[in-house]
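So you can see what is in the structure, the chains are spelled out below.
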Amino acid sequence: MSEEDRDEKYGEFEREPVPDSKTRGLKAFVGMYAGEHCAGTELMLGPLFVAAGVSAFDLVFGLLLGNLLAVMSWMFLCAPIAVRTRLTLYYQLEKICGRNLVTLYNLANGVMFCFLAGSMVTVSATALGVWFKFPMPGLSDLYPNSVGWVIAVLAVGIVISLVAAWGYDMVARVANIAAPWMVLVFLAFGIIGFRQFIEITGSEVNSFASFWELCRTSIWKGGEPLPGQVKFTFWHVTFFAWFCNMAMHIGMSDLSVFRFARKSWHSVASASGMYVGHFMAWIAASILYALQLHMDAANTDVLPGPLAYRAAGIAGLICVIVAGWTTANPTIYRAGLAFQAIMPRVSRFKVTLATGMIATLAGMFPAIAMRLLGFVALYGLVLMPMGAVVFIDFWVLERIGLKSNFAELKKLRFSPAAGVAWIATFIICIMLVLSGKPYFQIYFVSLPGWFVASILYIVVSYIHQKDIHLKQSFRLTAQVVSWAALAGIVIPGLLFAAGNTTLEQVKGVMTFSTVIWFISSLCWMGRDKQATA
């Protein structure tokens, strides 16, 4: 089958714009987003808000604002570019960054997808724990804690991997059928859990005031987080709700989705996913966990299987299995596609199967699922800089006299501007997180990181496109900067030895100097010494 015939049959259009005849209306995206974002992850994320000591006001209003910002990010950052280019993210990046850099991006994307799919295998395996009654991991566990758990994860992972490799079309059909049922089961979780709170506490709820009082004093009480968890405030909730899908909107992954939209405003459909999944479903799942803690404060385990079973019996367990399955399958499939782009000669079946087994191995270690709040934030942080690159390349470069799609124009396989923007931004953001400052937690750094990536891309693009990097003055400047960076490695240690600075300050300066050294030295070491004046 030719590429043109395949595109016509499956509607993929991987390396060409989507024709107007294949675009879709608003309705097509409403159901897709509602189903995709009311799934397995919600059963883990909701309880983790309670574990983080969130208050009722901070949770409800933080989710309202954060999800609104997420919808606006799809509407004003991602969709306008998608409907103008009608290209997949990967092909758009290839034009901007070059094939080799896109390969690195695919590798990072595939690895993160594997870990995310692994956490969903973990979710489904907790349902088996209810039936077979083997010990399951607790909130603070990092490693498997029983043979039964390993066997359960392995069994679930093998089935999910085989289905993803063999029958993705069937998975998509089952997911579409299950989506409305899952939404209603999540709603039932919240209603049943709230009613159980009324019965256990003996509260009388006959007005909004009494309803809110129960929420504030019994369900989301605030206070200190559980051991090992980060305390969540209004801003933590807001930024997490905004950035948990950062890879999709600000990171531009959903260019591949909204290239099929007739109008950019059709991206308002993302609100169905945000307010059904990331508002209602998170709140419903958090109620079940808050009820568990209210009944037994020592039982801090975040296990979707037992939580769902206590609320809805067998139907709840089926929901846990299906939710984890329908989320893990497309995630493994996407990871397989990312890896196959790196190894195009290996069959998709083999790559997807191997990817699924990597995800299964990751799922045996509960550390990812039990720390899903932090992992999702890290996932967005890894892919965010490339979203900034796409945005700046499309909207800004030509307006300041530079060329868009420069890698395609000059037949480059690796764009220095995009590479520096991506890698340097990530390193800078991680350095800020490691500084330990509360305003530089991983949930917040992506916002300044987007501007850092944008500025770096503009500056390095200007240097590269105007051939400034070939001038002798640029080479000399890079040498001076790199020598200063070496001084930043030695001098802090001497100051510390003399008692004139703290160890934390020394670590920060040395780390920063290390980054500057590797960036600046690449500009002159090993390069041709001949340069223009």
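A quick note: this is a predicted structure, and the numbers were derived from the prediction, not measured.

Chemist: Now, about the overall build of the protein chain: what can you tell me, with residues and values included?
Modeler: The number of helices and strands found in the protein chain is 21 helices and zero strands. Expected size for 533 residues packed as a compact globule is a radius of gyration near 24 Å; at 25 Å, the protein chain falls within 12% of this value. The dimensions of the protein chain, computed from C-alpha atoms along their principal axes, are 80 × 70 × 50 Å. Buried positions account for 53% of the 533 residues belonging to the protein chain. Within the protein chain, contacts between residues separated by at least 24 positions form 82% of all contacts whose residues are at least 6 apart in sequence. Working note: accessible area of the protein chain is about 23500 Å², and carbon and sulfur atoms make up 67% of it. Of the charged side chains in the protein chain, 37 are positive and 28 negative; the average position of the first set lies 6 Å away from that of the second.

Chemist: Lay out the environment of A478 with the relevant residues and their values.
Modeler: Within the fold, A478 resides in helix α20 (residues 472–497). A relative accessible area of 6% means that A478 is categorised as buried. Placed 30 residues apart in sequence, A478 and P448 show a C-alpha to C-alpha distance of 25 Å. Residues contacting A478, with those up to four places away along its chain left out, are S520, C523 and W524.

Chemist: An account of the confidence of the model for the protein chain is needed here, citing residue identities and associated values.
Modeler: Looking at the protein chain as a whole, its pLDDT mean stands at 90, while 95% of the residues score no less than 70. A low-confidence stretch, residues 1–11 stays under pLDDT 50, and its non-local contacts, those more than four residues away or across chains, total twelve contacts.

Chemist: Account for the pattern of salt bridges, naming residues and giving values.
Modeler: Summed over all chains, the structure comprises five salt bridges. Between R99 and E94 there is a salt bridge, with the nearest N and O atoms lying 3.4 Å from each other. The shortest N-O distance in the salt bridge between E504 and K507 comes to 3.6 Å. Of this pair, E504 and K507 both sit in helix α21 (residues 503–521), three residues apart, roughly one helical turn. Its relative accessible area of 55% is what places E504 among the exposed residues. With relative accessibility at 43%, the residue K507 sits in the partly exposed group.

Chemist: So what about the nonpolar core? Which residues, and what values?
Modeler: Across soluble globular proteins, nonpolar side chains show a tendency to be buried alongside one another. Counting 156 residues, the largest nonpolar core has F49, F189, W220 and F240 as its most contacted members. Ignoring any residue separated from it by four or fewer positions in sequence, one finds F49 in contact with V54, L59, L63, F232, V237, F240, W282 and L373.

Chemist: Could you give me a rundown of the packing of helix α7 (residues 147–166) against helix α13 (residues 304–342), with the residues and numbers involved?
Modeler: Running from N to C, α7 and α13 cross one another at 55 degrees; their axes reach a closest spacing of 9 Å. The orientation of α7 relative to α13 falls into the category oblique. The way α7 lies across α13 gives a crossing that is right-handed. Together, I160, S161, V163 and A164 of α7 and W325, A328, N329, I332 and Y333 of α13 make up the contact between the two elements. Here the residues of the contact of α7 with α13 sort into seven nonpolar, two polar and no charged.

Chemist: Quick one: what's the story with the packing of helix α18 (residues 416–434) against helix α19 (residues 446–465), residue by residue and with numbers?
Modeler: For the pair α18 and α19, interaxial distance at closest approach is 8 Å and the crossing angle is 150 degrees. In terms of orientation, α18 and α19 fall into the roughly antiparallel class. The two elements α18 and α19 meet at a crossing, and its hand is right-handed. Residue-level contacts link P416, A417, A418, V420, A421, A424, T425, I428 and C429 of α18 to G449, V452, A453, L456, Y457, V460, S461 and H464 of α19.

Cut-offs and rules
Residues numbered from 1 in each chain as written. Predicted model: local features only at pLDDT ≥ 70, side-chain atom pairs only at ≥ 80, totals over all residues. Heavy atoms only, no water. Helix = DSSP H or I, 4+ residues; strand = E, 2+ residues; numbered from the N terminus. Rg over C-alpha atoms; globule rule 2.2 N^0.38 Å. Buried < 20%, exposed > 50% of the residue type's maximum accessible area, 1.4 Å probe, protein only. Contact = heavy atoms within 4.5 Å. Areas by Shrake-Rupley, 256 points an atom, 1.4 Å probe, with all protein chains shown as cover. Lys, Arg positive; Asp, Glu negative; His and termini not counted. Charge placed at Lys NZ, Arg CZ, Asp CG, Glu CD. pLDDT = per-residue confidence, 0-100. Salt bridge = Lys/Arg side-chain N within 4 Å of Asp/Glu carboxyl O. Core = buried A, V, L, I, M, F, W, Y, C linked by side-chain atoms within 4.5 Å. Axes fitted to C-alpha atoms, helices over the stretch in contact; angles between N-to-C directions. Parallel < 35°, antiparallel > 145°, perpendicular 65-115°, else oblique. Left-handed = near helix turned anticlockwise from the far one by under 90°. Nonpolar A, V, L, I, M, F, W, Y, C, P; charged D, E, K, R; others polar.

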